[in-house]
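Remarks on the overall topology
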Amino acid sequence: MSRLPTLLAQARSGLSIQQQIPHEKWAAIASQCGPAEIADIERRIGALRAELETVEGWDGDTRDDIHLAIYQFSQLLRMAGGAP
């Protein structure tokens, strides 16, 4: 069972809704990722890419948010050793 949701919640603790998780916290999350978390990250990236396909082209804000999430999870995957 993936601990990724718990790790993300802990990293967001104390941050306002407008604040992004800082890089050093992403690195801390990555250091705690095992095979279950890596699989969860890969699933999330796939779901985000599928969601991006459903967003209208005129909705730039939503598209930007999804692209940012894909980028962050892709970076996390690399740091966790799940991708070259």
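First things first, this report covers the structure right here in the doc. Quick caveat: nothing in here was measured; it's all calculated off a predicted structure.

**Concerning the packing of helix α1 (residues 4-12) against helix α3 (residues 35-54)**
Axis separation between α1 and α3 bottoms out at 9 Å; the angle between their running directions is 80 degrees. Looking at the two axes, α1 sits roughly perpendicular to α3. Contacts from L4, P5, L7 and L8 in α1 reach E37, D40, I41 and R44 in α3.

**Observations regarding helix α4 (residues 60-79)**
An ideal rise of 1.5 Å per residue puts 28 Å on 20 residues; α4 measures up with 28 Å between its terminal C-alpha atoms. Burial in α4 covers these residues: I66, A69, I70, Q72, F73, S74, L76 and L77. Contact partners of the buried residues in α4: α1, α2 (23-31) and α3. After α4 finishes, the residue G81 shows a positive phi value of roughly 85 degrees.

**Thoughts on the pattern of salt bridges**
Counting across every chain of the model gives 2 salt bridges. The closest approach of N and O atoms between E37 and R3, which form a salt bridge, is 3.7 Å. Note that E37 is positioned in helix α3 and R3 in the segment before α1, a separation of 34 residues in sequence. Judged by relative accessible area, E37 falls into the buried class, the value being 5%.

The rules behind each value
- Residues numbered from 1 in each chain as written.
- Predicted model: local features only at pLDDT ≥ 70, side-chain atom pairs only at ≥ 80, totals over all residues.
- Heavy atoms only, no water.
- Axes fitted to C-alpha atoms, helices over the stretch in contact; angles between N-to-C directions.
- Helix = DSSP H or I, 4+ residues; strand = E, 2+ residues; numbered from the N terminus.
- Parallel < 35°, antiparallel > 145°, perpendicular 65-115°, else oblique.
- Contact = heavy atoms within 4.5 Å.
- Expected span 1.5 Å × (residues − 1).
- Buried < 20%, exposed > 50% of the residue type's maximum accessible area, 1.4 Å probe, protein only.
- Salt bridge = Lys/Arg side-chain N within 4 Å of Asp/Glu carboxyl O.

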